[in-house]
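For reference, the chains in residue letters:
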Amino acid sequence: MEKVLQNIRVSFEKSPFFSYMGFEIIDFQEDKVLIKLEINDHLLNVNETLHGGVHGAMLDQVLGMKTQITTKAKCATINLNINYLAPSTEGTIFATAKIVQQGYRIVTAEGEIYDEQGKTLAKAIGTFKLFRDS
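What you see is a predicted model, and the numbers here were worked out from it, not measured in a lab.

## A few points about the overall build of the protein chain
Looking only at helices and strands, one finds three helices and six strands in the protein chain. Ordering the α and β elements of the protein chain from the N terminus gives α-α-β-β-α-β-β-β-β. Over its C-alpha trace the protein chain gives a radius of gyration of 14 Å, about what one expects of a compact globule, namely 14 Å for 134 residues. Dimensions of the protein chain, computed from the C-alpha atoms along their principal axes, are close to 50 × 25 × 25 Å. Per-residue burial for the protein chain yields a buried fraction of 43% across its 134 residues. Approximately 7400 Å² of the protein chain is accessible, and the part contributed by carbon and sulfur atoms is 49%.

## Description of the side chain of T49
When you line up the elements, T49 lands in the loop between β2 (32-38) and α3 (52-71). In contact with T49, other than residues within four places in its own chain, are L43, L44, P87, S88 and T89.

## Observations regarding the nonpolar core
Of all hydrophobic cores here, the largest spans 36 residues; its most connected members are I35, M58, M65, I93 and I113. With eight residues, α3 is the single largest residue contributor to this core. Among residues more than four places away in sequence, those in contact with I93 are I35, K36, L37, I39, L50, M58, S88, I113, Y114, D115 and L121.

Cut-offs and rules
Residues numbered from 1 in each chain as written. Predicted model: local features only at pLDDT ≥ 70, side-chain atom pairs only at ≥ 80, totals over all residues. Heavy atoms only, no water. Helix = DSSP H or I, 4+ residues; strand = E, 2+ residues; numbered from the N terminus. Rg over C-alpha atoms; globule rule 2.2 N^0.38 Å. Buried < 20%, exposed > 50% of the residue type's maximum accessible area, 1.4 Å probe, protein only. Areas by Shrake-Rupley, 256 points an atom, 1.4 Å probe, with all protein chains shown as cover. Contact = heavy atoms within 4.5 Å. Core = buried A, V, L, I, M, F, W, Y, C linked by side-chain atoms within 4.5 Å.

See the structure below:
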């Protein structure tokens, strides 16, 4: 089982998009997944706050990771709803996720992004299609 989790982790860490965005895995276990991101100037929007697309990408990543860790199956996002709750401009942010409902082919998960002080910045709920052999 540990080998499966390691393979899933490596697949995310080797993703060009994952590294381009600057995401870093902090915790990667069946019961907990946690990633972080250092906010850099190139991730800010015209209001000089973290771009909403960065929040979306980070939430999609952590939800997909949690889905794959839990199901041991590859997945694809079929729906993602995000609520933006507070802006951020600097520092480090973190994202975590949990499974809300798991079927054989469809999983629903929710996640959140928070800052170093624990302030919630964004929340999301996502639905994922699982790719299974049978």
